[in-house]
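Listed below, chain by chain, are the residues.
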Amino acid sequence: MSTGLIRHPGTEAGRSTGRLVFAIVESAVTSVLSVCWLMLALAMYMESYDLDPSAPGQPRGHARLAWLAVGSLASVGITWLLGIARKPGVRMVVDGLIALRLLAVAVITVILAVDLLNG
């Protein structure tokens, strides 16, 4: 009969390692995709730079996309700073935020990719 109070050696270390690996992978994916968003925003800016503001194919929204990318990159640093907290409650919240950010980054990237492919 297990009451849950007995800690088995290695189980906490395994969970901690899994969380660390997930955080590293998520941070790498978020960082790479955010840099891609910044390059897309720069390309949109450069494309619209020489066009007349009334041109029908004028790309818009590059500033918002750039700010979104910068905010996403900043959130990676913030969650790493929060992740060093010793309190388990804070770590659980940070783990949840990391998973939520990965989902948000993936959804936004898919929306941008579909929009790029559709013109």
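It should be emphasised that the depicted structure is a prediction, and the values quoted were computed from it without experimental measurement.

(A) Structural detail: the overall build of the protein. Summing up its helical and strand segments, the protein has three helices and zero strands in all. Counting from the amino terminus, helix and strand elements in the protein follow one another as α-α-α. When the 119 residues of the protein are sorted by exposure, 19% land in the buried category. When contacts within the protein are restricted to residue pairs at least 6 apart in sequence, those whose partners lie at least 24 apart make up 66%. Here the protein has roughly 8,700 Å² of accessible surface; of this, 72% comes from carbon and sulfur atoms.

(B) Highlighting helix α2 (residues 62-83). The first and last C-alpha atoms of α2 sit 31 Å apart over 22 residues, in line with the 32 Å expected at 1.5 Å per residue. Among the residues of α2, those classed as buried are L65, A69, S72, V76 and T79. The buried residues of α2 all sit within an arc of 90° when viewed along its axis, so they share a single face. α2 presents R64, W67 and L81 as exposed residues on the side facing more than 90 degrees away from its buried surface.

(C) Structural detail: the side chain of T30. On the secondary structure map, T30 appears in helix α1 (residues 11-49). Among residues more than four places away in sequence, those in contact with T30 are S72, V76, R101 and V105.

(D) Structural context of the confidence of the model for the protein. The share of residues in the protein with pLDDT of 70 or more is 78%, and the mean pLDDT across the chain is 80. The lowest-confidence element of the protein is α1, averaging 83 in pLDDT; the highest-confidence one is α2, averaging 88. Scored below 50 in pLDDT, residues 4-11 shows one contact in the model against residues more than four places distant or in partner chains.

(E) A look at the nonpolar core. In this structure, W37, L40, A41, M44, L65, A69, V105 and L112 together form the largest nonpolar core, which totals eight residues. At the level of elements, α1, α2 and α3 (88-118) are the ones that each hand at least two residues to this core. Ranked by residues supplied to this core, first place goes to α1 with four residues. L65 has contacts with W37, L40, A41, M44 and L112, leaving out every residue within four places of it along the chain.

(F) Highlighting the packing of α2 against α3. At a minimum axis separation of 10 Å, α2 and α3 run at an interaxial angle of 160°. Viewed along their axes, α2 and α3 adopt a mutual orientation that is roughly antiparallel. For the pair α2 and α3, the crossing hand works out as left-handed. Only V90, R91, V94, I98, R101, V105, I108 and L112 of α3 make contact with α2, whose side of the interface consists of L65, L68, S72, S75, V76, T79, L82 and G83. Of the residues assigned to the contact of α2 with α3, the class counts are 10 nonpolar, four polar and two charged.

(G) Representation of the pattern of salt bridges. Here the structure, examined in full by the defined rule, presents two salt bridges. In this structure, the salt-bridge partner of R101 is E26, at a minimum N-O distance of 2.6 Å. Here R101 is found in helix α3, whereas its partner E26 is found in helix α1, with 75 residues between them in sequence. What makes E26 buried here is its relative accessible area of 1%.

What counts, and at which threshold
Residues numbered from 1 in each chain as written. Predicted model: local features only at pLDDT ≥ 70, side-chain atom pairs only at ≥ 80, totals over all residues. Heavy atoms only, no water. Helix = DSSP H or I, 4+ residues; strand = E, 2+ residues; numbered from the N terminus. Buried < 20%, exposed > 50% of the residue type's maximum accessible area, 1.4 Å probe, protein only. Contact = heavy atoms within 4.5 Å. Areas by Shrake-Rupley, 256 points an atom, 1.4 Å probe, with all protein chains shown as cover. Expected span 1.5 Å × (residues − 1). Arc of directions from axis to C-beta. pLDDT = per-residue confidence, 0-100. Core = buried A, V, L, I, M, F, W, Y, C linked by side-chain atoms within 4.5 Å. Axes fitted to C-alpha atoms, helices over the stretch in contact; angles between N-to-C directions. Parallel < 35°, antiparallel > 145°, perpendicular 65-115°, else oblique. Left-handed = near helix turned anticlockwise from the far one by under 90°. Nonpolar A, V, L, I, M, F, W, Y, C, P; charged D, E, K, R; others polar. Salt bridge = Lys/Arg side-chain N within 4 Å of Asp/Glu carboxyl O.

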